[in-house]
Amino acid sequence: MKPRARIVLSRRWPKRIEAILEQDYEVWPNTGDHPMSAAAIRQALRRADGFCPTVTDQLDSNVLRVPSPRTRILANFGVGFEHIDLDAARRSGIVVTNTPDVLTDCTADLAMALILATARGVVGGDRMLRAGDWSGWRPTHIPGVRVSGKSLGLVGFGRIGRALAKRAGAGFGMRVRVFDPQPPADEVARELGVEVCAGLDDLLETSDFVSLHCPVTPKTEGMIGEPQFKRMRPGAILINTARGALVDEHALAGALRSGRLAAAGLDVYAREPEVPSELTEIGRVVLLPHLGSATRETREAMGMRVKENLDRFFAGEEPPDRVA
């Protein structure tokens, strides 16, 4: 009988998916469920046929510089892959895959939740009530801003951006404007009921809410900083469920302290799990611990998508979600 391929999981997965993997593979789970060090990852690359990282595992050229690695596939548990040096993986003869599609709806749901939470003072109200500081209803208590009918600007218009556009437009009657270096065709924009902006500045100047939905690249890293905050409407709200490195966090804190921005809702940070204290100290920021895909259904679907890539690869076929 052909020996089973050995797979290392960099973190614990949903129990049901780990059990399914164990039916076909020799699975080495990260039982402590703590982030793996660079040395531990290199050891895994030397000893395992496949390595399954998450979006928080940094696989740069130094980590991937392993002489004659046994690992032939990095089957990433997540859609983003900017944490993997694709060129270094190619040089080492390692295939890289990801998990697109399956987390689109849940991430769009969370972005909509952050829009509502930041606009309506949901978190601040909860804190006040739990602290026993609520003295009863009054006309001036926690005045938020209306969401329905407002303008929503989407920076990036891939799967998640389009899913959010449907929710905001059909569900809340929002005017949705988008900016993407590869704008949607006219017929797609009409079908989704969105307006395409010629540039980022136009979107920032005309949006009550700005939500980020683009990957981190050398061109997009830090793309929302002090100049962009100055262009945003006074009292606008920033939402980020994409990647923390898109935003200059120090400049964001300054825009919030000055009152230029009314609030921000963040699910991602530039140096996770570190969150700048200057953001945690501002009550008008809703901070979540990277929950975009955190539903049982989505996390299990992500695991099954990884397994499909592993199955196809070890069968000698092209994995469906190959990115390198």
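Refer to the structure presented above.
Quick summary incoming for the structure in this document. Every chain begins its residue count from 1, and numbering advances along the sequence as written. In keeping with the predicted nature of the model, local features appear solely for residues at pLDDT of at least 70, side-chain atom pairs appear and are counted solely at 80 or more, and the whole-chain, interface and lining totals rest on all residues. Hydrogens are left out, water is left out, and the side-chain values use all remaining heavy atoms of the structure.

## Here we look at the sheet that holds strand 5 (residues 95-97)
Turning to step 1, where the next piece is worked out: One bridge is not enough; two strands pair if DSSP finds at least two bridges between them. Working definition: helices are DSSP H or I runs of at least four residues, strands are E runs of at least two. Numbering for both runs from the N terminus. Judged by pairing direction, the sheet is parallel, and its five strands sit side by side in the order 2-1-3-4-5 without closing on themselves. What marks the edges here is a single partner per strand, and that holds for strand 2 (26-28) and strand 5. Strand-to-strand twist of the sheet, defined as the mean angle between neighbouring strand axes without regard to direction, takes the value 20 degrees.
Turning to step 2, where the next piece is worked out: Alignment of strand 4 (residues 73-75) against strand 5, held across three bridges, turns out to be parallel. The residue bridging leucine 74 from the neighbouring strand is valine 96, located in strand 5.
Turning to step 3, where the next piece is worked out: Should any heavy atoms of two residues lie within 4.5 Å, those residues are considered in contact. Interaxial angles span 0 to 180 degrees and are taken between N-to-C directions of axes, which are lines fitted to C-alpha atoms, for helices over the stretch in contact. The strands that helix 13 (residues 296-314) touches are strand 1 (6-9), strand 3 (50-52), strand 4 and strand 5; relative to strand 4, the one it contacts most, it runs at about 160 degrees.

## A closer look at a nonpolar patch on the surface
Turning to step 1, where the next piece is worked out: Two distance rules govern patches: like charges are joined within 9 Å, and nonpolar side chains (Val, Leu, Ile, Met, Phe, Trp, Tyr) within 5 Å, applied only to residues with over 30% relative accessible area and no salt bridge. Residue-level accessible areas treat just the shown protein chains as cover; the underlying method is Shrake-Rupley with a 1.4 Å probe. When a carboxyl oxygen of Asp or Glu lies within 4 Å of a side-chain nitrogen of Lys or Arg, that pair is called a salt bridge. On the surface, Leu129, Trp134 and Trp137 cluster together to form a nonpolar patch covering roughly 440 Å² of accessible area.
Turning to step 2, where the next piece is worked out: Tracing the sequence through the fold places tryptophan 137 in the loop between helix 6 (122-130) and strand 6 (151-155).
Turning to step 3, where the next piece is worked out: For every residue, the accessible area (1.4 Å probe, protein chains only) is compared with the maximum for its type, and the residue is labelled buried under 20%, exposed over 50%, or partly exposed between those bounds. By relative accessible area, tryptophan 137 is classed as exposed at 72%.

## Topic: the side chain of aspartate 321
Turning to step 1, where the next piece is worked out: Position of aspartate 321 relative to the elements: it lies in the segment after helix 13.
Turning to step 2, where the next piece is worked out: Residues contacting aspartate 321, with those up to four places away along its chain left out, are Val96, Thr97, Asn98, Pro100, Arg305 and Asn309.

## Some words on the state of the cysteines
Turning to step 1, where the next piece is worked out: Any pair of cysteine sulfurs within 2.5 Å is marked as a disulfide. Applying the stated criterion across every chain, the model contains zero disulfides.
Turning to step 2, where the next piece is worked out: Looking at cysteine 197, it has no disulfide partner, and the nearest cysteine sulfur is the one in cysteine 214, 14 Å off.
Turning to step 3, where the next piece is worked out: According to the relative accessible area criterion, cysteine 197 is buried, its value standing at 5%.

## Concerning the pattern of salt bridges
Turning to step 1, where the next piece is worked out: For the structure on display, the rule yields 28 salt bridges.
Turning to step 2, where the next piece is worked out: Between arginine 130 and aspartate 126 there is a salt bridge; the shortest N-O distance is 2.8 Å. Taken together, the residues arginine 130 and aspartate 126, both in helix 6 and four residues apart, mark about one turn of the helix.
Turning to step 3, where the next piece is worked out: With relative accessibility at 35%, the residue aspartate 126 sits in the partly exposed group.
Turning to step 4, where the next piece is worked out: Here glutamate 318 makes a salt bridge to arginine 322, at a shortest N to O gap of 3.3 Å.

## Brief notes about the pairing of strand 1
Turning to step 1, where the next piece is worked out: In strand 1, alternate side chains face the same way, and those of Arg6 and Val8 on one face and Ile7 and Leu9 on the other are all buried.
Turning to step 2, where the next piece is worked out: Of the strand pairs in this sheet, strand 1 and strand 2 are connected by three bridges, and their pairing is parallel. Bridging from a neighbouring strand, isoleucine 7 pairs with valine 27 of strand 2.
Turning to step 3, where the next piece is worked out: What joins strand 1 to strand 2 is helix 1 (residues 15-24), and the crossover it makes is right-handed.
Turning to step 4, where the next piece is worked out: For strand 1 and strand 3, the ladder comprises three bridges, and the chain directions are parallel. Looking at strand 3, one finds that leucine 9 is bridged to cysteine 52. Think of it like this: strands point away, you trace from the first strand over the helix to the second, and a clockwise trace means the crossover is right-handed.

## With respect to unusual backbone geometry
Turning to step 1, where the next piece is worked out: Residue proline 273 follows glutamate 272 across a cis peptide bond; omega there is 5 degrees.
Turning to step 2, where the next piece is worked out: Of note, isoleucine 142 is a non-glycine position whose phi angle comes to about 45 degrees, a positive value.
Turning to step 3, where the next piece is worked out: With respect to the element layout, isoleucine 142 can be found in the loop between helix 6 and strand 6.
Turning to step 4, where the next piece is worked out: Its relative accessible area of 34% is what places isoleucine 142 among the partly exposed residues.
Turning to step 5, where the next piece is worked out: Even without being glycine, histidine 290 reaches a positive phi, approximately 50 degrees.
Turning to step 6, where the next piece is worked out: If you trace the backbone, histidine 290 turns up in the loop between strand 12 (285-287) and helix 13.

## Brief notes about the packing of helix 1 against helix 13
Turning to step 1, where the next piece is worked out: At a minimum axis separation of 9 Å, helix 1 and helix 13 run at an interaxial angle of 15 degrees. Taken as axis vectors, helix 1 and helix 13 run roughly parallel relative to one another. Crossing of helix 1 over helix 13 shows right-handed handedness. The segment helix 1 lies against helix 13, with Arg16, Ile17, Ile20, Leu21 and Asp24 engaging Glu300, Gly303, Met304, Lys307 and Leu310.
Turning to step 2, where the next piece is worked out: Of the residues assigned to the contact of helix 1 with helix 13, the class counts are five nonpolar, one polar and four charged. To sort the angles, those under 35 degrees are grouped as roughly parallel, those over 145 as roughly antiparallel, those from 65 to 115 as roughly perpendicular, and the leftovers as oblique. With the far helix as reference, a near helix turned anticlockwise by less than a right angle produces a left-handed crossing, and one turned clockwise produces a right-handed crossing. Residues are grouped as follows: Ala, Val, Leu, Ile, Met, Phe, Trp, Tyr, Cys and Pro are nonpolar; Asp, Glu, Lys and Arg are charged; all remaining types, including Gly, are polar.

## Quick word on the packing of aromatic side chains
Turning to step 1, where the next piece is worked out: For Phe, Tyr and Trp, where Trp contributes only its six-membered ring, two rings pair if their centres lie within 6.5 Å, and the inter-plane angle classes them as stacked under 30 degrees, edge-to-face over 60, or tilted in between. According to the stated counting rule, one finds three aromatic pairs in the structure shown.
Turning to step 2, where the next piece is worked out: Consider the rings of tryptophan 13 and phenylalanine 77, whose centres lie 4.9 Å apart with planes at 45 degrees: the pair is tilted. Linking tryptophan 13 in the loop between strand 1 and helix 1 with phenylalanine 77 in the loop between strand 4 and helix 4 (86-91), this pair joins segments that are 64 residues apart in sequence. Note on accessibility: tryptophan 13 and phenylalanine 77 belong to one class, buried.
Turning to step 3, where the next piece is worked out: Seen in terms of ring centroids, phenylalanine 313 and phenylalanine 314 are 5.2 Å apart; in terms of plane orientation they differ by 80 degrees. Their pairing is edge-to-face.
Turning to step 4, where the next piece is worked out: The exposure class assigned to phenylalanine 314 is partly exposed, which follows from its relative accessible area of 26%.

These figures come from the coordinates and say nothing about function on their own.
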